[in-house]
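The primary structure of each chain is shown beneath.
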Amino acid sequence: MPATSNILESPPAAAILSSSALKVLLYYDLFNYPLTVPEILNHIRQHDCSEPELVKCLSTLCEQQVIYYHEGFYLLKNDQQLVHRRKKGNEMATQMLKKAAERSALIAGFPYVRSVCVSGSLSKNYFDETTDIDFFIITAPKRLWLCRSLLILYKKIFLLNSKKYFCVNYFIDADNLEIPDKNLFTATEIITLLPFQNYQLYRQFINVNEWVKDFYPNALPANKNSSPEKSGRFKAAFEKIFNTSLGEWLDRSFYRTTVRYWKKKFPGFDEEEFEVNMRSRKDVSKHHPQGFQFRVLKMYEENCNAFAAKHEILLQ
């Protein structure tokens with residue numbers, strides 16, 4: 001019997017905490033991303049756990065060689081290069097945050113944009129040559145597709161369709177703040193959002209999606225580090241012109257044209273996959289053709305099962 005079987009012999013509370021901490025590490029192991037104690041504490045499901053209790057738990061797991069510790073980071077693989085990779089990615093993320101703030105301000109100046117957040121890798125303090133700056137955008141009600149089409153047109157013309165620093169792939173409107181995909185992947189994306197424009201609306205979004213606490217009871221909203229909703233003469237004048245039947249017609253036309261195009265471009269998706277990856281309604285536009293959510297959740301389940309079998313432990 002391997003030494004790690006001692007996990008099963010721990011007091012119930014300690015065993016549950018060990019399992020919870022391991023599951024957090026297993027999720028981020030998919031991205032080769034070691035974690036600090038505060039990060040693990042922010043992600044575990046035990047809302048009454050203290051940092052000293054978690055440190056004791058992690059130390060025990062290290063002693064049993066279930067996990068490893070290098071330079072302030074915990075990880076599942078005994079590979080110090082992963083720590084160096086993370087540190088380099090964190091440094092690049094710090095540099096990219098300034099660009100993200102600039103692009104957020106630019107996006108916020110577009111008609112019908114009400115709030116701008118950064119999501120994806122950068123929101124988790126990581127950036128490298130393979131990642132983009134992903135934006136999560138909340139629009140005015142009933143003008144989401146007009147707003148989205150203006151931003152896509154700008155990207156195609158002025159950025160030569162480059163998404164490296166301008167990946168606008170998720171839009172919801174201010175009357176539709178609840179996210180229906182109530183799973184670990186989506187919860188992780190929500191708790192790591194970085195609000196750059198209109199913090200008040202971001203907080204409304206967090207409050208509406210209170211289901212996230214089922215996955216992350218310790219997670220807190222991001223600190224206020226954003227500008228108020230941006231307005232300007234052009235934005236105000238444009239919205240005044242298109243807060244009319246013409247605007248309604250354009251929004252409806254962009255919606256229908258885009259959905260028709262996506263269904264032709266991605267014929268391999270069944271109805272469920274299209275709904276999750278390319279959700280397209282009047283009040284939401286999601287463009288994730290790589291099916292990342294499906295793949296991550298599937299890999300996470302496989303990762304947990306393989307780890308539990310290897311160490312002969314039960315992940316609760």
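Since this is a predicted model, take the numbers as computed values, not measurements.

The rules behind the values
Within each chain, residue numbers correspond to sequence positions counted from 1 in written order. Only residues with pLDDT of at least 70 are given local features in this predicted model, and only at 80 or more are side-chain atom pairs given and counted; all residues enter the totals for whole chains, interfaces and linings. Excluding hydrogens and water, the side-chain figures rest on all heavy atoms present in the structure. Labels follow the DSSP assignment, with helices taken as runs of H or I lasting at least four residues and strands as runs of E lasting at least two, numbered in each case from the N terminus. The buried label applies to any residue whose accessible area, calculated with a 1.4 Å probe on protein chains only, is under 20% of its type's maximum; exposed applies above 50%, and partly exposed to all values in between. The directions from the helix axis to the C-beta atoms form the arc being described. Any pair of residues with heavy atoms lying within 4.5 Å of one another is described as a contacting pair. By definition, two strands form a pair when at least two bridges between them are found by DSSP. Here a crossover is taken to be right-handed if, once the strands point away from the viewer, the path from the first strand over the helix to the second is traced clockwise.

Novice: Sorry, what's going on with the environment of K263 here?
Specialist: Of note, K263 is situated in helix α11 (residues 245-265). Under the relative-accessibility criterion, K263 is labelled exposed at 51%. Taking the C-alpha atoms as reference points, K263 and M278, 15 residues apart in sequence, are found 9.2 Å from one another.

Novice: What should I look at first to understand helix α10 (residues 233-242) in this one?
Specialist: An α-helical turn contains 3.6 residues, so a residue and the one three or four places further along point in the same direction. Among all positions of α10, only K235, F238, E239 and F242 are buried. For α10, the arc enclosing every buried residue in end-on projection is 95 degrees, short of the 170-degree limit, so these residues lie on one face. Relative to its buried face, α10 has exposed residues pointing more than 90 degrees away, namely R233, K240 and I241. Buried positions along α10 lie against α5 (80-108), β3 (113-119), α7 (144-158) and α11.

Novice: Could you clarify how one ought to interpret the pairing of strand β5 (residues 167-173) in this entry?
Specialist: The element β5 is extensively covered by neighbouring structure, given that seven of its seven residues are classed as buried. Two elements, strand β4 (residues 134-139) and β5, share six bridges in a ladder whose sense is parallel. Bridge pairing in β5 links F135 to V168. Viewed along the sheet, the connection from β4 through α7 into β5 turns out right-handed. As judged from the three bridges shared by β5 and strand β8 (residues 284-286), these two strands associate in the antiparallel manner. The residue of β8 that forms the bridge with F171 is S285.

So far we have only geometry, and geometry alone does not tell us how the molecule works.
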